[in-house]
Amino acid sequence: MPGYTKRLGRELSDLKTNPAVGISVFQADDFRIWLIDIQVMDDNPLYVGKTFRLQFRFTPTYPIEAPEVQFIRSLGGEIPMHPHIYSNGHICLDVLGSGWSPIQTVGSVSMSIQSMLAGNDRNERPPDDARYVASAPISPKQTRFVYHDDNV
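Every value quoted in this text rests on a predicted model; they were computed, and no experiment measured them.

A.B. asks: How do you make sense of the overall build of the protein when you look at a structure like this?
C.D. replies: When you go through the protein residue by residue, the secondary structure sums to three helices and four strands. Order of helices (α) and strands (β) in the protein, N terminus to C terminus: α-β-β-β-β-α-α. On the principal axes, the C-alpha backbone points of the protein span a range of 45 × 30 × 30 Å. Among the 152 residues that make up the protein, the fraction classed as buried is 45%. Approximately 8200 Å² of the protein is accessible, and the part contributed by carbon and sulfur atoms is 53%. Treating the 14 positive side-chain charges of the protein as one cloud and the 17 negative ones as another, the clouds have centres 8 Å apart.

A.B. asks: Help me understand the pairing of strand E4 (residues 68–72) in this model?
C.D. replies: Put simply, side chains in a regular strand alternate between the two faces of the sheet. Counting buried positions along E4 gives five out of five residues, so the element sits mostly inside the fold. Burial along E4 is two-sided: the residues Glu68, Gln70 and Ile72 and Val69 and Phe71 are all buried. In terms of strand pairing, strand E3 (residues 52–57) meets E4 through five bridges, oriented antiparallel. When the bridges of E4 are listed, Phe56 appears paired with Val69.

A.B. asks: Before we go on, may I ask you to explain the pairing of strand E1 (residues 23–27) in this structure?
C.D. replies: As defined by bridge partners, E1 adjoins strand E2 (residues 33–38) across four bridges and the pair is classed as antiparallel. The partner of Ile23 across the bridge, within E2, is Ile38. Counting the residues in the hairpin turn of E1 and E2 gives five residues.

A.B. asks: Is there a simple way to explain the environment of Pro127 in this structure?
C.D. replies: Tracing the chain through its elements places Pro127 in the loop between helix H2 (106–118) and helix H3 (129–135). Here the alpha-carbon distance between Pro127 and Pro80, two residues 47 residues apart in the chain, equals 15 Å.

The rules behind each value
- Residues numbered from 1 in each chain as written.
- Predicted model: local features only at pLDDT ≥ 70, side-chain atom pairs only at ≥ 80, totals over all residues.
- Heavy atoms only, no water.
- Helix = DSSP H or I, 4+ residues; strand = E, 2+ residues; numbered from the N terminus.
- Buried < 20%, exposed > 50% of the residue type's maximum accessible area, 1.4 Å probe, protein only.
- Areas by Shrake-Rupley, 256 points an atom, 1.4 Å probe, with all protein chains shown as cover.
- Lys, Arg positive; Asp, Glu negative; His and termini not counted.
- Charge placed at Lys NZ, Arg CZ, Asp CG, Glu CD.
- Pairing = 2+ DSSP bridges.

In short, the description is geometric, and any link to function would need to be established separately.
Have a look at this one:
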């Protein structure tokens, strides 16, 4: 069994036995793609009562390299409105790119995204959403995001 599958096996077990509030495994049938549901657990009116689905894609270089993470629409679900989340589900968050560290886990990344949503009060997309989505690569990992706004 390759090292990354051992690591993901431990992470999956932990996510199922000790889930963080508002974070749950929807589907994890293999060590390639996982679907994780997140809810914002405060009274933020932008997200109250909503569940959002994240897709994690792993390669054999995990955890040395970050997984590909993005929001997906599933069964009528939506992509959350946020100044750092594009309408195609790509997320501009440093821990998914240059800020990645092998100590990060699926759970810690999910909590970072949950926290990013909880702290947001702006019902808007990034200013360049239309342009970015029109020319974005399929994989968000192929985008070199510029991290310049820590206020949201």
